[in-house]
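Chains, contacts and geometry: an overview
The primary structure of each chain is shown beneath.
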Amino acid sequence: MIEIFNLTKSYGDHVVLNGITETIADGEKVAIVGPSGGGKSTLLRCLNCMETPTSGEVLFDGKLLSSLDPYLHDDLICLSKTYEKLLKHISAEKPSVSDEDKKASALAKIKEEKLLKKYEGTAFKKAMKQLEKEISLDLNLARRDIGMVFQHFNLFNNLTVMQNLTLAPTQLKLKTKEEAEKKAEELLRRIGLYDKKDAYPSTLSGGQKQRIAIIRALAMDPKVMLFDEPTSALDPEMVGEVLDLIKKLADEGMTMVIVTHEMGFAREVATRMLFVADGNIRESAPPDEFFDNPKNERLKDFLSKVIKN
């Protein structure tokens with residue numbers, strides 16, 4: 001569902017993400033934990049391009065969310081899994097490319113020989129443009145399928161709950177007003193907040209706001225849900241109602257990536273844990289192995305501080 005290749009994010013000289021490569025399969029529930037400032041939230045925001053990576057690739061459902069290589073940008077998308085298809089076009093224009101070279105370093109050859117410039121105006125460039133259309137993914141289209149839930153809800157305070165839930169589906173013309181309202185009513189009944197449909201966010205508790213934020217994302221019928229510390233801004237007594245809703249979504253098979261500091265919740269819900277520290281994924285393992293038999297020394301130290309015996 002999501003593929004990350006050598007993802008790097010820097011702010012000036014400060015490297016936040018340092019060459020992360022990871023795959024998240026359809027149906028997985030991946031919990032990301034780690035120390036503050038380690039890159040967890042930045043990684044999550046790069047997955048739907050709310051943050052623009054400095055280099056690397058992010059693919060969603062097999063298609064590139066961005067083309068980031070400075071030489072290939074726009075004119076020749078970084079090819080990832082589709083390079084074999086491209087090579088058919090290269091071979092037609094330049095038969096001297098050997099089978100061994102094709103298998104070994106297709107992208108390197110394209111860059112080194114600057115084939116794009118050499119074949120500018122020929123059938124090769126037309127083939128590249130066609131490939132770009134086929135394998136690149138419009139970012140707004142992608143975001144319809146990637147739901148995002150933030151720490152601080154990000155509801156529109158000047159709109160009612162119903163208006164918050166129906167705004168995106170109607171503005172993007174995914175649903176008629178009637179269809180969007182019907183879906184919103186179903187979701188509100190599901191979380192027991194139908195009576196709040198005409199209320200404004202300022203009148204709701206933190207737990208209610210976050211549950212509304214979650215179903216606002218669900219109103220778009222996403223394929224993946226991203227949660228950025230969804231309970232960190234809540235009072236302790238409100239945490240449970242939000243976690244219960246996320247657990248229900250997990251039980252229904254929703255693909256999820258969750259940045260969280262709730263270790264018990266992560267262990268219960270996640271199918272896989274990622275420990276992110278100092279801009280890298282230091283450990284990836286199923287929850288039981290992650291918590292009971294950690295391999296990485298940095299993770300051992302982290303768990304000893306956040307889990308009370």
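What this report covers is the structure whose coordinates are included nearby.

**Here's the deal with the packing of helix α9 (residues 177-190) against helix α10 (residues 206-218)**
Remark: α9 packs on α10, axes separated minimally by 10 Å, with the N-to-C direction vectors making an angle of 140°. Comparing their axes, α10 and α9 come out oblique. The handedness of the crossing between α9 and α10 comes out as right-handed. Contacts between α9 and α10 pair Lys183, Leu187 and Leu188 from the former with Ile212, Ile215 and Leu218 from the latter. Taken together, the residues of the contact of α9 with α10 break down into 5 nonpolar, no polar and 1 charged.

**Considering the environment of Ser202**
Assignment of secondary structure puts Ser202 in the loop between α9 and α10. C-alpha of Ser202 to C-alpha of Thr160: the two residues are 42 residues apart in sequence and 9.6 Å apart in space.

**A closer look at the sheet that holds strand β5 (residues 63-64)**
As a general point, the strands of a sheet are linked pairwise by backbone hydrogen bonds and lie either parallel or antiparallel. Strands sit in the order β2-β1-β4-β5 across an open sheet of 4 strands; the sheet is antiparallel. The two strands at the open ends of the sheet, each matched to only one other strand, are β2 (14-24) and β5. Sheet analysis places strand β1 (residues 2-11) next to β2, joined by 8 bridges and oriented antiparallel. Bridge pairing links Thr8 to Asn18 in β2. With respect to the sheet, helix α1 (residues 40-47) is in contact with β1, β2 and β4 (55-60), its orientation differing from that of β1 by roughly 120°.

The rules behind each value
Residues numbered from 1 in each chain as written. Predicted model: local features only at pLDDT ≥ 70, side-chain atom pairs only at ≥ 80, totals over all residues. Heavy atoms only, no water. Axes fitted to C-alpha atoms, helices over the stretch in contact; angles between N-to-C directions. Helix = DSSP H or I, 4+ residues; strand = E, 2+ residues; numbered from the N terminus. Parallel < 35°, antiparallel > 145°, perpendicular 65-115°, else oblique. Left-handed = near helix turned anticlockwise from the far one by under 90°. Contact = heavy atoms within 4.5 Å. Nonpolar A, V, L, I, M, F, W, Y, C, P; charged D, E, K, R; others polar. Pairing = 2+ DSSP bridges.

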